Amino acid sequence: MNIAQKVEEAKRSTYNYFLYINKRAAEEVEALRKVGRCGKLCGVLLAVKDNIEVAGMPITNGAPYMQKIAENTAAAVSMFLAEGAVVLGKTNMHELALGVTNINPHFGPTKNPHDPTLITGGSSGGSAGAVAIGVADLGIGTDTGGSVRIPAALCGVVGYKPPYGRLPTDGVIPLAPTLDHVGFITRTVGDMLDILSVVRLAPTELQRPKRFRFAILMGVTENTRHVEKAFWKAVERLEAIGGARDELFLETYRYSAARAAILLSEAAASYYHLLRGAGGHMGKDVSTLLSAGVALPAVAYITAMRVKEEVTDFFNTLFKKYDVIVSPTTATEAVPIEEASHLAVRPKLLAYTELYNLTGHPAITVPAPTGGLPVGLQIAARDEEALFTIAKAYEEGP
Amino acid sequence: MYVKKLLETLQISSSETEEVEKLVEKILEGLQLV
């Protein structure tokens, strides 16, 4: 598809990925070419989550009561525009980015590209879906507990959360600044490296590893049979490319509570006035979570921040022994939209990803081998070079 | 008491208040604070 066809496809699509489409995308690329300003990312189409500002385009944060026209472009977007990339559109998301199903009560749910009756996951579900169906080349999203990696895993694409603080967050609507990351979605690890290396967010040259050590996170939660099967096939593939494995049993209940305390306390502080003024317009899941953040005592937040330090130190120690730590990205494959609001779904989607929002380590999801619905393999590492070295070798295979 | 008052200012329903209390309790338990 050329750019004009991709714009048409984005407009025609019934998956509900876009809240705004830039109908002039093809003309903008042509104009850049004419003046010789189309750089190394000439014509790369961006699907930008609707909590990230692009000057002159509407921004809602997944909430119509927050809609405005953005005056500036976020640095996390402008670095790609400077190389000739163009924004295809702003993508549908979980309301306020405070959820992982992408069932948005105002704009409707985003539909899984592999089965439209299923969720995409979220909260960057529109960006993941747009990349998965081939209309966008790079999805730009945010990840506060797994919001880039979860939808990427459920849609069968690659989702990358850089280390904490690696990217500027100006022009990105904050949810919980201690945990917020900007992240990226592409169809392959190769695409991710090709695009991110241009803006110096990924290494340009990688040596294929001869031997490496990896740990498998065990005991975190119970996986579905489908996830379990695909995950162990992915582990076999890691072994086939030179990985030597250990199994690491981890009780994460306290870590999960710590992330929730930080997320909800900071989100409640960000949105308290909105909750008082527009609470009645919010989806019930969002207003319940924000209200819980209002009700949490300061001792919970401070304790949670101490747990965050403790788990970060623990993982820093682990990364001295292991090159990478792996797990399924989510404990379940995509679930039906109708059933996704069930309370049991949320922890199954978050259990593995949220750990690295607490520790700040880089993490990526890559598709695991499966004949059915997509399953993600999550790889986390001490730094980006270690991460991409293993992820690229995994994608290429033995 | 202050929590109840705070939640009253948010004008949420009593069933939602109950859910909020459960969620807060679960987090406090997870942090071993109760």
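Conventions we followed
- Residues numbered from 1 in each chain as written.
- Chains lettered and ligands numbered in written order.
- Predicted model: local features only at pLDDT ≥ 70, side-chain atom pairs only at ≥ 80, totals over all residues.
- Heavy atoms only, no water.
- Buried < 20%, exposed > 50% of the residue type's maximum accessible area, 1.4 Å probe, protein only.
- Helix = DSSP H or I, 4+ residues; strand = E, 2+ residues; numbered from the N terminus.
- Pairing = 2+ DSSP bridges.
- pLDDT = per-residue confidence, 0-100.
- Contact = heavy atoms within 4.5 Å.
- Buried area = accessible area lost by both parts, 1.4 Å probe.
- Salt bridge = Lys/Arg side-chain N within 4 Å of Asp/Glu carboxyl O.
- Polar contact = N/O pair within 3.5 Å; in protein donor to acceptor, adjacent residues only side chain to side chain.
- Nonpolar A, V, L, I, M, F, W, Y, C, P; charged D, E, K, R; others polar.
- Axes fitted to C-alpha atoms, helices over the stretch in contact; angles between N-to-C directions.

**Observations regarding the pairing of strand β14 (residues 363-367) of chain A**
All names here are of chain A. Of all five residues in β14, four are buried; the element is thus mostly enclosed. Here strand β9 (residues 158-161) runs beside β14; their pairing, made up of three bridges, is antiparallel. Within β14, the residue paired with glycine 159 across the bridge is threonine 365. The pairing of β14 with strand β15 (residues 376-381) spans five bridges and is classified as antiparallel. Note that in β15 the partner of proline 367 across the bridge is glycine 376.

**Some points on the confidence of the model for chain B**
Looking at chain B as a whole, its pLDDT mean stands at 86, while 97% of the residues score no less than 70. Complex prediction metrics read pTM 0.97 and ipTM 0.93.

**Focus: the interface of chain B and chain A**
In this assembly, 20 residues from chain B lie in contact with 25 residues from chain A. Taken together, the two surfaces of chain B and chain A that pack against each other cover about 1,900 Å², and 72% of this comes from carbon and sulfur. Ranking the residues of chain B by area buried against chain A places Leu10, Ile27 and Leu31 of chain B at the top, with a combined share of 29%. Taken together, the connections running from chain B to chain A amount to one salt bridge. Put simply, chain B and chain A have three residue pairs in polar contact (both at pLDDT 80 or more) between them. The dominant element in the side of chain B that touches chain A, judged by the number of residues it contributes, is helix α2 (residues 14-30) of chain B, at 10 residues. Looking at the side of chain B that touches chain A, its residues break down into 13 nonpolar, three polar and four charged.

**Concerning the side chain of threonine 144 of chain A**
Residue and element names in this part refer to chain A. Structurally, the position occupied by threonine 144 is in the loop between β8 (138-143) and α5 (149-155). Residue classification places threonine 144 among the buried positions, given a relative accessible area of 7%. A distance of 2.6 Å separates the side chain of threonine 144 from the side chain of aspartate 180, its partner in a polar contact. Leaving out residues up to four positions away in the same chain, threonine 144 has contacts with Leu175, Ala176, Leu179, Asp180, Arg259, Leu263 and Asn357.

**Quick word on the sheet that holds strand β13 (residues 324-328) of chain A**
Strands belonging to one sheet form pairs held by backbone hydrogen bonds; the direction of such a pair is parallel or antiparallel. All names here are of chain A. Taking strand neighbours across the sheet as the criterion, the 11 strands line up as β1-β5-β2-β8-β10-β9-β14-β15-β13-β11-β12 in an open arrangement whose pairing is mixed. Strands with a single pairing partner mark the edges of an open sheet, and in this sheet they are β1 (18-21) and β12 (243-249). Here the strands of the sheet are splayed against their neighbours by 25° on average, with no regard to which way each runs. Across the sheet, helix α7 (residues 225-240) is in contact with β11 (212-218), β12, β13 and β15; its angle to β11 comes to roughly 165°. With respect to the sheet, helix α13 (residues 384-396) is in contact with β9, β11, β13, β14 and β15, its orientation differing from that of β14 by roughly 5°.

**Concerning the side chain of threonine 252 of chain A**
For threonine 252 of chain A, the position within the fold is in the loop between β12 and α8 (253-278). Those residues in contact with threonine 252 of chain A that sit more than four places away from it in its chain are Val220 and Leu355 of chain A.

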